[in-house]
Amino acid sequence: MPDQTTDSGLVPALETLAAAPRLLVALDFDGTLAPFADDPSQVGALPGSWAAVLTLQRARDTEVVLVSGRPLGSLAEVSHAPEGMALIGSHGVEWRVDGHDADALTPDETARVARIGAALDEVGDRHPGVVIEHKPAGHGVHTRRVGAEEAAATNAEASRAAHDADPDVLERGGKDILEFAVRHVTKGDAIERLRALRGADAVFFAGDDVTDEDAFRVLHDGDVGVKVGEGDTLATHRVADPGALTDVLKQLARARATR
Ligand SMILES: [Mg+2]
């Protein structure tokens, strides 16, 4: 039993979910499967969670998809996802589904991404502790290694610079990150699309950050959404941290594999 689960309603919800004819298990990576690390290239999924993920992936009529704000390449690298596991990066812009990569930026969007990136690099130059991450569909300004005051100043400068470079830039905040993108695609859009593509009868989604709320928003009755950690959420269930999510995934995997 998931003894770290603070939410008693979760156990029966998982049992019901596990009986769905076709199940889609969508999971955020950082802060959900993997604890945070200062160096984003050094993170890894908790072994217990990953074992459960692989069990779910092998279960019949069950598909696992990792849905991350990371670029697809970075997600593939840190997750060590087996070939055939669906990956969605850049909050839904980049897809690797059925072994097929889809990155649908237009030439105009690509040019906008480059322009915004150059403007953010200038901000990064003024703040040595800040990391500017360039992604295929946008950029992240990481302030995890600087103090709160410098983070706030950096975010204000970055926002101004990005909007000067491209008035239509889209901005979204996360944990110690401010992101700039040229296309409004969310994790919710990705889940809706994959649900339809796979004809899933039910969806499980777990995530820890504000961008995961877009995914919780598109869940239906009978789906299960699990918020990892603190903060306002639309999710119907919550666990304390990635370690507690391991228990949830183990329970779901066991129920699914033995149905
Ligand atoms: Mg996350």
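Residues numbered from 1 in each chain as written. Predicted model: local features only at pLDDT ≥ 70, side-chain atom pairs only at ≥ 80, totals over all residues. Heavy atoms only, no water.

Where an unreviewed UniProt entry is consulted, the chain appears under the name Trehalose 6-phosphate phosphatase, with the organism given as Curtobacterium herbarum. Regarding the chain, the relevant UniProt record gives this comment under Catalytic activity (unreviewed entry): "alpha,alpha-trehalose 6-phosphate + H2O = alpha,alpha-trehalose + phosphate". (UniProt positions renumbered as here; feature names shortened; annotations may be inferred.)

A.B. asks: Help me out: how do you make sense of the pairing of strand β8 (residues 170-174) in this one?
C.D. replies: Taken residue by residue, a regular strand's side chains alternate between the two faces of the sheet. Both β8 and strand β9 (residues 177-181) contribute to a ladder of five bridges, which runs antiparallel. In the sheet register, Gly-173 faces β9, and the bridge partner there is Leu-178. With antiparallel pairing between neighbouring strands as the criterion, β8 and β9 make up a hairpin whose turn holds two residues, including Asp-176 at a positive phi of roughly 55°. (Pairing = 2+ DSSP bridges. Helix = DSSP H or I, 4+ residues; strand = E, 2+ residues; numbered from the N terminus.)

A.B. asks: Any chance you could explain the sheet that holds β8 here in plain terms?
C.D. replies: Pairing is antiparallel across the open sheet formed by four strands, whose spatial order is β6-β7-β9-β8. If you trace the sheet from one side to the other, it starts and ends with β6 (131-135) and β8, each paired once. On average, each strand axis in the sheet is inclined to that of its neighbour by 20°, with strand direction left out of account. Bridge count between β6 and strand β7 (residues 138-142): five bridges; the pairing is antiparallel. Note that in β7 the partner of Val-131 across the bridge is His-142. Contacts from helix α5 (residues 148-165) reach β7, β8 and β9, with the element oriented near 5° to β9. (Axes fitted to C-alpha atoms, helices over the stretch in contact; angles between N-to-C directions. Contact = heavy atoms within 4.5 Å.)

A.B. asks: What am I meant to see in the side chain of Asp-28 here?
C.D. replies: With respect to the helices and strands, the residue Asp-28 is situated in the loop between β1 (23-27) and α2 (47-58). At a separation of 2.7 Å, a polar atom in the side chain of Asp-28 contacts the side chain of Thr-32. Residues contacting Asp-28, with those up to four places away along its chain left out, are Leu-33, Val-67, Ser-68, Lys-187, Phe-205, Ala-206, Gly-207, Asp-208 and Asp-212. (Polar contact = N/O pair within 3.5 Å; in protein donor to acceptor, adjacent residues only side chain to side chain.)

A.B. asks: How should I be thinking about the packing of helix α4 (residues 107-126) against α5 in this particular structure?
C.D. replies: Each pair of packed helices gets described by two things: the angle between the helix axes and the distance between those axes. Contact geometry of α4 with α5 gives a least axis separation of 8 Å together with a crossing angle of 150°. Taken together, the axis directions place α4 and α5 in an arrangement best described as roughly antiparallel. Handedness of the crossing formed by α4 with α5: right-handed. Here Arg-115, Ile-116, Ala-119, Leu-120, Val-123 and Arg-126 of α4 come into contact with α5, specifically with Thr-154, Glu-157, Ala-158, Ala-161, Ala-162 and Ala-165. Broken down by class, the residue content of the contact of α4 with α5 amounts to eight nonpolar, one polar and three charged. (Parallel < 35°, antiparallel > 145°, perpendicular 65-115°, else oblique. Left-handed = near helix turned anticlockwise from the far one by under 90°. Nonpolar A, V, L, I, M, F, W, Y, C, P; charged D, E, K, R; others polar.)

A.B. asks: I would appreciate a short explanation of the pairing of strand β2 (residues 62-67) in the present structure.
C.D. replies: For β2, the buried fraction is high: six of the six residues fall into the buried class. Here β1 pairs with β2 via five bridges, running parallel. Bridged to Ala-26 within β2 is Val-65. Taken together, β1, α2 and β2 constitute a β-α-β crossover, and its handedness is right-handed. Considered for its hand, the β-α-β crossover made up of β2, helix α3 (residues 72-79) and strand β3 (residues 86-89) is right-handed. (Buried < 20%, exposed > 50% of the residue type's maximum accessible area, 1.4 Å probe, protein only. Right-handed = clockwise from strand over helix to strand, strands pointing away.)

A.B. asks: Before we go on, may I ask you to explain the nonpolar core in this structure?
C.D. replies: It is characteristic of soluble globular proteins that their nonpolar side chains tend to be buried jointly. Judged by nonpolar contacts, the single largest core of 39 residues is most densely connected at Leu-27, Phe-29, Leu-33, Leu-66, Phe-204 and Leu-252. Taken together, the elements giving at least two residues each to this core come down to α1 (10-18), β1, α2, β2, α3, β10 (202-207), β11 (224-228) and α8 (242-257). Among the elements that line this core, the one with the most residues is α8, at seven residues. When neighbours within four sequence positions are excluded, Phe-29 is seen to be in contact with Ala-34, Val-43, Gly-44, Ala-45, Leu-66, Val-67, Arg-70, Leu-75, Val-78 and Ser-79. Val-113, Val-123, Val-130 and Val-182 belong to the second largest nonpolar core, which has 21 residues in total. (Core = buried A, V, L, I, M, F, W, Y, C linked by side-chain atoms within 4.5 Å.)

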